[in-house]
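Remarks on the overall topology
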Amino acid sequence: MNHLHRRDGRLFLEGASLEDLARRYGTPLYVYSRAALDEAYQAYEQALAGLPHLICYAVKANSSLAILQHFARLGAGFDIVSGGELARVLAAGGSAGKVVFSGVGKTAEEMRMALEADIRCFNVESESELERLNRIAAELGVRAPVSFRVNPDVDPKTHPYISTGLKQNKFGVAIGQASALYRRAAAMPNVEIHGVDCHIGSQLTDLSPIADAIDRVLVLVDELRSAGIRLRHVDIGGGVGIRYQDEPPPDMATYRKILQDRFKGRDEAIIVEPGRSLVGAAGILLTRVEYIKAGEDRNFVIVDAAMNDLMRPALYDAFHDIVPVSESQAVPVACDVVGPVCETGDFIGLGRHLAVEEGALLAVLAAGAYGMSMSSNYNSRPRAAEVIVNGNEIHLVHERETVSGMMAGERLIY
Ligand code: LLP
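Residues numbered from 1 in each chain as written. Predicted model: local features only at pLDDT ≥ 70, side-chain atom pairs only at ≥ 80, totals over all residues. Heavy atoms only, no water.

Remark: helix α2 (residues 34–47) packs on helix α3 (residues 65–74), axes separated minimally by 11 Å, with the N-to-C direction vectors making an angle of 45°. Regarding the angle of α2 to α3, the classification is oblique. Judged by the sense of rotation from one axis to the other, the crossing of α2 with α3 is right-handed. Of the residues in α3, those touching α2 at R34, L37, D38 and Y41 are I67, H70, F71 and L74. Considered class by class, the residues forming the contact of α2 with α3 number five nonpolar, one polar and two charged. (Axes fitted to C-alpha atoms, helices over the stretch in contact; angles between N-to-C directions. Helix = DSSP H or I, 4+ residues; strand = E, 2+ residues; numbered from the N terminus. Parallel < 35°, antiparallel > 145°, perpendicular 65-115°, else oblique. Left-handed = near helix turned anticlockwise from the far one by under 90°. Contact = heavy atoms within 4.5 Å. Nonpolar A, V, L, I, M, F, W, Y, C, P; charged D, E, K, R; others polar.)

Here you go:
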């Protein structure tokens, strides 16, 4: 349930009229349903019920402070990939003891910051990174908790840009080389082995690659145990995919069975790092039609949101459903929904059929994940505002960026 419904021909998210929100806060505007966030989080709790576990929300999917604060309230931990994300988690009231730190390029400064905050675990992705971490932990007089991110060489069957678990990808260490690395780490004075980690890709709608990856990782866990290295947790990486168009909806009952079958009776805790599936369906991007332009070949619906606000269509050719906020008497036309940015790749949706007029509002659906967090100032466009709706309550959680805010920090040379 995404909590979007029509009343007298007008769209509401929970109790909030989208027309009213657009009037109050302007467009483009990201709007999220708190109930949808809760339901998505509870689906993971149910899948993991009875097993020791920690849900570490992948901050990159949507790093707005209010979203982080809400997940912290629900008991979540966080998967971070930068010092900036750690600072956000702490500013939002998240606890460092529930933070895992992923990423291939952690800087010395980021390691120091995470060690000082006393995070739960570093997901180490190379031998050089292990050596740097051991050295920095020694400087601080502490032991760094580590997992190795292993690359199980499983095809996640998703878009190539968001596949990460194949041997040709830059991520993790080859699973065949992992035992040697664990032995090295075990001999290091300033690291402490906590677990193992893998992440094979994002937007997985077929769950069998997740099951295969877990099976391969558990073989390693058992080999390590025989060699006297006991792991406390297994981090299985990101979550399931979501429905954007006509993908089969990922089945949480199957997901639950995959996890329960594999982990029942084991003593390692499960860590899971879902991003998209916790926030994606909960968010929409509201945008207003500026112009309708009848081209020779097709019609263009030119809206006030652009690739800088929602980059996914331009970058991955991703599909987001687009629906009019108010039912219109206009005749539906075949059209491309495009933004004002000066690039042909600046589109929100191609080949759509929409009944709209100039000035109408459109809702771009399933935009809660990798929307605002990937937005930019390209074409010197201030970033959108964000609102969270909770029943009839409306919270403006991120003000629209101002032009002067956008230029703050820049200096002229003459
Ligand atoms: N953990 C790690 C180490 C990751 O790299 C990612 C996502 C996640 C967890 C969360 O995965 P999720 O549950 O969201 O599938 N910008 C792209 C998605 C990039 C995903 C990168 N890593 C998009 O808009 O589709």
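As a further point, take the packing of aromatic side chains. Per the stated rule, a full pass over the model turns up seven aromatic pairs. Considering the side-chain rings of Y44 and Y255, the 5.7 Å spacing of their centres and the 80° angle between planes classify their relative orientation as edge-to-face. Highlighted residues: Y44 in helix α2 and Y255 in helix α9 (residues 252–263), separated in sequence by 211 residues. Note on accessibility: Y44 and Y255 belong to one class, buried. Taking 6.5 Å as the distance between ring centres and 75° as the angle between the ring planes, the aromatic pair formed by Y57 and F78 counts as edge-to-face. Within this pair, whereas Y57 is found in strand β5 (residues 53–58), its partner F78 is found in strand β6 (residues 77–80), the two being separated by 21 residues in sequence. There is no split in this pair, since Y57 and F78 are both buried. Here the aromatic residues Y41, Y57, F71 and F78 are joined through ring pairs into a cluster of three or more. Over the face of the ring belonging to F12 we find R7, whose NZ or CZ atom lies 4.2 Å from the ring centre. (Phe/Tyr/Trp six-rings, centres within 6.5 Å; stacked < 30°, edge-to-face > 60°. Buried < 20%, exposed > 50% of the residue type's maximum accessible area, 1.4 Å probe, protein only. Lys NZ or Arg CZ within 6 Å of the ring centre and 35° of its normal.)

Examined bridge by bridge, strand β1 (residues 4–7) and strand β2 (residues 10–13) share four bridges and lie antiparallel to one another. Across the sheet, the residue bridging to H5 is F12, located in β2. In sequence, β2 turns back onto strand β3 (residues 16–17) through a hairpin of two residues, with E14 there showing a positive phi of about 45°. (Pairing = 2+ DSSP bridges.)

Attention shifts here to the side chain of H3. Residue placement: H3 occurs in the segment before β1. Taking relative accessible area as the criterion, H3 reaches 16% and is therefore assigned buried. Looking at H3, its side chain comes within polar contact range of the side chain of E39, at 2.9 Å. Here H3 is in contact with F12, L13, E14, S33, A35, A36 and E39, once residues within four sequence places are set aside. (Polar contact = N/O pair within 3.5 Å; in protein donor to acceptor, adjacent residues only side chain to side chain.)

Note: strands within a sheet are paired through backbone hydrogen bonds, in either parallel or antiparallel orientation. Strand order in this open sheet of three strands is β1-β2-β3, and the pairing throughout is antiparallel. Each edge of the sheet is formed by a strand with only one pairing partner; in this case those strands are β1 and β3. In terms of strand pairing, β2 meets β3 through two bridges, oriented antiparallel. The partner of F12 across the bridge, within β3, is S17.

The assigned domain composition of the protein is domain 1 (4–32 + 280–407) and domain 2 (103–272). For domain 1 and domain 2, the distance between their C-alpha centroids amounts to 36 Å. The interface is formed by ten residues belonging to domain 1 together with eight residues belonging to domain 2. Of the roughly 720 Å² buried where domain 1 meets domain 2, counting both sides, 64% is carbon and sulfur surface. Along the contact surface separating domain 1 from domain 2 lie zero salt bridges. At the surface where domain 1 touches domain 2, the tally comes to zero residue pairs in polar contact (both at pLDDT 80 or more). When grouped by side-chain class, the residues that make up the side of domain 1 that touches domain 2 number six nonpolar, two polar and two charged. (Domains from an automatic or database assignment. Buried area = accessible area lost by both parts, 1.4 Å probe. Salt bridge = Lys/Arg side-chain N within 4 Å of Asp/Glu carboxyl O.)

Here we take up the site of the ligand. Taken together, 19 residues lie around the ligand, and S202, E273, R312, Y316 and Y370 are the ones closest in. A distance of 2.8 Å separates an oxygen atom of the ligand from a polar atom in the backbone of G275. Y370 places a polar side-chain atom, nitrogen or oxygen, 2.7 Å from an oxygen atom of the ligand. For the ligand, the accessible surface in isolation is 590 Å², of which the surrounding protein chains cover 93%. Counting contributing residues, the shell around the ligand receives three or more from each of domain 1 (4–32 + 280–407) and domain 2 (103–272). (Near = heavy atom within 4 Å. Areas by Shrake-Rupley, 256 points an atom, 1.4 Å probe, with all protein chains shown as cover.)

F71, F122, Y182 and Y255 are the most contacted members of the largest nonpolar core, which has 98 residues in total. The biggest single contributor to this core is helix α8 (residues 208–226), with nine residues. Both domain 1 (4–32 + 280–407) and domain 2 (103–272) contribute no fewer than three residues apiece to this core. Residue contacts for Y182: discarding those within four places in its chain leaves S147, F148, I193, G195, V196, L220, L224, I229 and L231. Judged by nonpolar contacts, the second largest core, of 20 residues, contains L11, L21, L361 and A363. (Core = buried A, V, L, I, M, F, W, Y, C linked by side-chain atoms within 4.5 Å.)

All right, on to the packing of helix α4 (residues 83–91) against helix α5 (residues 108–117) then. Two elements in contact, α4 and α5, have axes separated by 9 Å at closest approach and are oriented at 25°. Comparing the axis directions of α4 and α5 gives the class roughly parallel. Mapping the contact onto sequence places G83, L86, A87 and L90 in α4 and E110, M113, A114 and A117 in α5. Residues that form the contact of α4 with α5 fall into these classes: six nonpolar, one polar and one charged.

A few words now on the pairing of strand β15 (residues 299–303). Consecutive side chains along a regular strand alternate between the two faces of the sheet. One ladder, built from five bridges, connects strand β14 (residues 283–294) with β15; its direction is antiparallel. What sits directly across from V289, in β15, is V303. Following β14, the chain reverses through four residues before pairing antiparallel with β15. Pairing analysis gives four bridges linking β15 to strand β17 (residues 333–338), with the strands arranged parallel. Each residue of the ladder has a partner; that of V301, found in β17, is V337.

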